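# Examining the three-dimensional arrangement
One-letter residues, chain by chain:
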Amino acid sequence: MHDGLPKSQWAALIPHQGLMCLLDSVAHWDDARIHARSGSHAREDNPLRSEGRLRALHLCEYGAQAMAVHGGLLAQAAGGRAAPGLLVSLRAVQLSREYVDDLPGLVDVHAERLLAAADSWQYAFRVEYCGELLAQGRAAVMVRP
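Computed from a predicted model, the values in this text were never measured in an experiment.

### Let's talk about unusual backbone geometry
You will see that Ala-92, though not glycine, has its phi angle at about 50°, which is positive. Checked against the element boundaries, Ala-92 lands in strand β4 (residues 85-95). The phi angle at Cys-130 is positive, at roughly 50°, despite the residue not being glycine. The class for Cys-130 is exposed, based on a relative accessible area of 69%.

### Quick look at the environment of Gly-79
Turning to its location among the elements, Gly-79 is positioned in the loop between α1 (59-77) and β4. In this structure Gly-79 comes out as exposed when scored by relative accessible area, which is 69%.

### Quick notes on the side chain of Ser-40
Looking at the secondary structure, you find Ser-40 in the loop between β3 (33-38) and α1. Side chain to side chain, Ser-40 and Tyr-62 meet in a polar contact 2.7 Å long. The residues touching Ser-40, leaving out its near neighbours within four places in the chain, are Leu-22, Asp-24, Asn-46 and Tyr-62.

### Re the sheet that holds β3
Read across the open sheet, the seven strands follow the order β1-β2-β3-β5-β6-β7-β4; overall the sheet is antiparallel. Each edge of the open sheet is held by one strand with a lone partner, namely β1 (2-6) and β4. Within this sheet the neighbouring strands show an average axis-to-axis angle of 20°, counted without direction. Pairing of β3 with strand β5 (residues 107-116), which is carried by six bridges, proceeds in the antiparallel orientation. Its bridge partner being in β5, Ser-38 is matched across the sheet by Val-107. Against the sheet, α1 engages β1, β2 (25-29), β3, β4, β5, β6 (120-129) and β7 (132-143), with an angle of about 60° to β5.

Parameters and conventions
Residues numbered from 1 in each chain as written. Predicted model: local features only at pLDDT ≥ 70, side-chain atom pairs only at ≥ 80, totals over all residues. Heavy atoms only, no water. Helix = DSSP H or I, 4+ residues; strand = E, 2+ residues; numbered from the N terminus. Buried < 20%, exposed > 50% of the residue type's maximum accessible area, 1.4 Å probe, protein only. Polar contact = N/O pair within 3.5 Å; in protein donor to acceptor, adjacent residues only side chain to side chain. Contact = heavy atoms within 4.5 Å. Pairing = 2+ DSSP bridges. Axes fitted to C-alpha atoms, helices over the stretch in contact; angles between N-to-C directions.

Bear in mind that shape data such as this cannot, by itself, settle questions of function.
Written out as structure tokens, the structure is:
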């Protein structure tokens, strides 16, 4: 169990850099799950905004980035580096609202590894705001050759 990692301790482990690195911190992670936090949904410079708004659908990317951070932290803990992955599917995605840019403060991003094979990973993710479920679903990642 690991608690409280600032961005400086994990940002280099994932391909998402600059403004596209949407997560701000890791509150907790272990072998099976990660809990990250972010306030980027409310930032005017969020690169996923369209017509000045951020759709809740983009929270799937927050879940995918939490998965990437989790994989990077696991690989680092094992003395290696995570292989690059490609998000190949989203399933059972549910959204509770259309937009999320008007929510002040932080969102909580949770991802749980359901399956880890040599060439693929499957995760369940959910994004919450003050206890309200904003988005949830499952995602599959394939290792890039």
